[in-house]
Amino acid sequence: MKIIVLQGSPRKKGNTAKVLGWVEEEVKSLGHEFENIYLTAKKINGCLACAKCKDIPDSIGCVQKDDAIEILGKMVRADLVIFATPLYFWGVSAQLKAIIDRTYSLYTRYHEPDHASLVEGQRQALIATGGGPYENNAEPVFTAFGRLQNPHKAVNAGELYIGKCTTPDNMDDSIKDQAVAFAIKIIQ
Ligand SMILES: Cc1cc2nc3c(=O)[nH]c(=O)nc-3n(C[C@H](O)[C@H](O)[C@H](O)COP(=O)(O)O)c2cc1C
């Protein structure tokens, strides 16, 4: 399986990266191809909502020429996309939000009988870490992610929230166990 990660945390050795490391180790040990895309190093403009992409059903068709085009191409070719983010003010990081908004160019005719998507049937998963608990804090991110598969015609492969994070060094084996179980689940 071809797996890509849209890594939305700017911290290369932060909490999200630590959890992702365990996921990477597990899926690679099972023979899967894994690419981590560090979004902070990419130039990804916000969606212009020009809807020019909707005129070209079978291609990405975005008028903007930035790093999002290559990333969206990788998304189209992936079997599984892992969206990874720290919780920032009850939402995803700006880096991840920018590329999510640009996935507007991956589908056409949403809500119409001929709705089509370049990522139809793709598995998509979410990893979020935060300083607070899930309750009254992380829900908005999981609600939004759960809806993203509708326009994408994708499949929700799994979701993982690691809350009450302090530093990566403080993550114990119980979190590693959750990450490994999550890795096994999302490749099923
Ligand atoms: C700008 C900013 C906003 C944050 N907002 C939240 C929040 O709304 N809820 C929460 O639980 N943690 C929040 N945090 C804490 C981070 O989500 C948490 O430390 C996370 O694990 C950091 O991940 P990283 O080490 O991969 O960057 C925020 C941190 C920053 C820097």
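Chains are numbered independently. Their residues run from 1 in the order of the written sequence. Where totals are concerned, whole chains, interfaces and linings use all residues; where local detail is concerned, this predicted model gives features only for residues with pLDDT of at least 70, and gives and counts side-chain atom pairs only at 80 or more. Water and hydrogen atoms play no part in the side-chain values, which are based on all heavy atoms of the structure.

Enquirer: I tried to follow the site of the ligand on my own but got confused; where do I start?
Expert: By convention in this text, a residue qualifies as near a molecule or strand provided that one of its non-hydrogen atoms is within 4 Å of it. Taken together, 17 residues lie near the ligand, and Arg11, Thr16, Leu87, Gly132 and Asn137 sit nearest. Residues adjacent in sequence count toward polar contacts only when both atoms are side-chain atoms; beyond that, a polar contact is any pair of N or O atoms within 3.5 Å, and within protein one must be able to donate a hydrogen and the other to accept it. Arg11 places a side-chain nitrogen or oxygen 2.7 Å from an oxygen atom of the ligand. Within the backbone of Leu87, an N or O atom sits 2.6 Å from an oxygen atom of the ligand. Only the protein chains shown count as covering a residue, and every accessible area follows the Shrake-Rupley method with a 1.4 Å probe. For the ligand, the protein covers 74% of the area, taking 640 Å² as the surface of the free molecule.

Enquirer: Looking at this structure, I do not really get the nonpolar core. What am I missing?
Expert: Taken as a class, soluble globular proteins show a tendency for nonpolar side chains to be buried jointly. Leu6, Leu39, Met75, Phe83 and Ile99 are the most contacted members of the largest nonpolar core, which has 29 residues in total. Runs of E in the DSSP output that reach at least two residues are strands. Runs of H or I that reach at least four are helices, and both are numbered from the N terminus. Contributions of two or more residues to this core are made by strand E1 (2–7), helix H2 (68–77), strand E3 (80–86), helix H3 (94–102), strand E6 (123–129) and helix H4 (139–152). For Leu39, the contacting residues outside a window of four places in its chain are Leu6, Gln7, Gly8, Ile44, Ile71, Gln95, Leu96 and Ile99. Only buried residues count toward a nonpolar core, which is a set of Ala, Val, Leu, Ile, Met, Phe, Trp, Tyr and Cys residues joined through side-chain atoms within 4.5 Å. Here the term buried applies to any residue with accessible area under 20% of the maximum for its type, exposed to any over 50%, and partly exposed to those in between, with areas from a 1.4 Å probe on protein chains only. Residues Val5, Ile162, Cys165 and Ile187 belong to the second largest nonpolar core, which totals 24 residues. Note on contacts: a residue pair is in contact if any heavy atoms of the two residues lie within 4.5 Å.

Enquirer: Would you take a moment to explain the pairing of E1 for this structure?
Expert: Across a regular strand the side chains alternate sides, sitting on one face of the sheet and then on the other. Across the six residues of E1, five count as buried, placing the element largely inside the fold. Read from E1 through helix H1 (residues 15–29) to strand E2 (residues 33–38), the crossover connection turns out right-handed. Only when DSSP finds a minimum of two bridges between them are two strands counted as paired. The sheet contact formed by E1 and E3 spans five bridges and is parallel. Considered in E3, the bridge of Val5 is made with Ile82. Seen with its strands pointing away from the viewer, a crossover is right-handed when the path leading from the first strand over the helix to the second is clockwise.

Enquirer: It is not clear to me how the sheet that holds E1 should be interpreted in this structure. Could you clarify?
Expert: Backbone hydrogen bonds are what pair the strands of a sheet, in a parallel or an antiparallel way. Spatially, E2-E1-E3-E6-E7 is the arrangement adopted by the five strands of the open sheet, whose pairing is parallel. Of all strands in the sheet, those with a lone pairing partner are E2 and strand E7 (155–162), marking the two edges. Averaged over all neighbouring strand pairs, the angle between strand axes comes to 15°, with direction disregarded. Pairing of E6 with E7 involves seven bridges; the strand directions are parallel. Whenever a helix is involved, its axis is fitted only over the stretch in contact; in every case the axis is a line through C-alpha atoms, and angles between N-to-C directions fall within 0 to 180 degrees.

Enquirer: Help me out: how do you make sense of the side chain of His152 in this one?
Expert: Structurally, His152 is set in helix H4. Reaching out from His152, the side chain makes a polar contact with the side chain of Gln124 at a distance of 3.1 Å. When residues no more than four places from it in sequence are discounted, the contact partners of His152 are Met75, Thr103, Tyr107, Ser117, Val119, Glu120 and Gln124.

Enquirer: Please explain the packing of aromatic side chains as it appears in this structure.
Expert: When we look at a pair of aromatic rings, we describe it by the centre distance and by the angle of the planes. For Phe, Tyr and Trp, where Trp contributes only its six-membered ring, two rings pair if their centres lie within 6.5 Å, and the inter-plane angle classes them as stacked under 30 degrees, edge-to-face over 60, or tilted in between. Overall, the coordinates contain seven aromatic pairs when judged by the stated rule. Ring centres of Phe142 and Tyr161 lie 6.0 Å apart, and the angle between their planes is 85°; this geometry places the pair in the edge-to-face category. One end of the pair, Phe142, is in helix H4; the other, Tyr161, is in strand E7, and 19 residues separate them in sequence. Taking relative accessible area as the criterion, Phe142 reaches 6% and is therefore assigned buried.

Enquirer: Explanation requested: the environment of Lys12 in the structure shown.
Expert: Its place among the elements puts Lys12 in the loop between E1 and H1. Sequence spacing of Lys12 and Thr143 is 131 residues, and the spatial spacing of their C-alpha atoms is 26 Å. Residues within four places of Lys12 in sequence aside, it is in contact with Ala17 and Tyr38.

Enquirer: Can you walk me through the environment of His152 in this structure?
Expert: Relative accessible area serves as the criterion here: at 0%, His152 is assigned to the buried category. Distance in space between the C-alpha atoms of His152 and Val92 is 18 Å, their sequence separation being 60 residues.

Enquirer: Looking at this model, I keep getting lost on unusual backbone geometry. Mind explaining?
Expert: Generally, phi is negative for residues other than glycine and the peptide bonds are trans, each holding for most cases. The phi dihedral of Ala49 falls on the positive side, at around 55°, and the residue is not glycine. Mapped onto the secondary structure, Ala49 falls in the loop between E2 and H2. Although it is not a glycine, Phe89 sits at a positive phi angle of roughly 50°. Of note, Phe89 is situated in the loop between E3 and H3.

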